[in-house]
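Spelled out, the chains give:
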Amino acid sequence: MSDSSAVHESREDSNRDGQRTGPATFYRQVVAELRKVVWPTQEQLITYFTVVMVFVLVMMALVSVLDLAFGKLVFALFTGNSSQ
């Protein structure tokens, strides 16, 4: 995957001499990038939170059921009734 020419040129322009940027420049760039971020509304945030929590709870339940089932299976295999 290659970068577009605009991205590639901006990288070259900002770091033409191969020198590192200073802390003040870095901070300014971070603030500038954070201003571009589209922050979610409260309604979107609540929706995303609910979706994630439901997904996590379903996955916890699935893993718990599988753990219980495999645990019982292994326990039955190693402590099963053998007629020898």
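Look up a bit, the structure's there.
Parameters at a glance
- Residues numbered from 1 in each chain as written.
- Predicted model: local features only at pLDDT ≥ 70, side-chain atom pairs only at ≥ 80, totals over all residues.
- Heavy atoms only, no water.
- Helix = DSSP H or I, 4+ residues; strand = E, 2+ residues; numbered from the N terminus.
- Areas by Shrake-Rupley, 256 points an atom, 1.4 Å probe, with all protein chains shown as cover.
- Salt bridge = Lys/Arg side-chain N within 4 Å of Asp/Glu carboxyl O.
- Buried < 20%, exposed > 50% of the residue type's maximum accessible area, 1.4 Å probe, protein only.

Draft legend 1. Spatial organisation of the overall build of the protein chain. If you tally the helices and strands in the protein chain, you get 3 helices and 0 strands. Its helices and strands taken in sequence order, the protein chain reads α-α-α from the N to the C terminus. With the model as given, the accessible surface of the protein chain reaches about 8400 Å², and the carbon-plus-sulfur share is 64%.

Draft legend 2. Structural view of the pattern of salt bridges. Counted under the stated rule, the structure contains 1 salt bridge. E33 serves as the salt-bridge partner of K36, at 3.1 Å between the closest nitrogen and oxygen. Within this pair, K36 and its partner E33 are both found in helix α2 (residues 23-36), separated by 3 residues, close to a single helical turn. The exposure class assigned to K36 is exposed, which follows from its relative accessible area of 58%.

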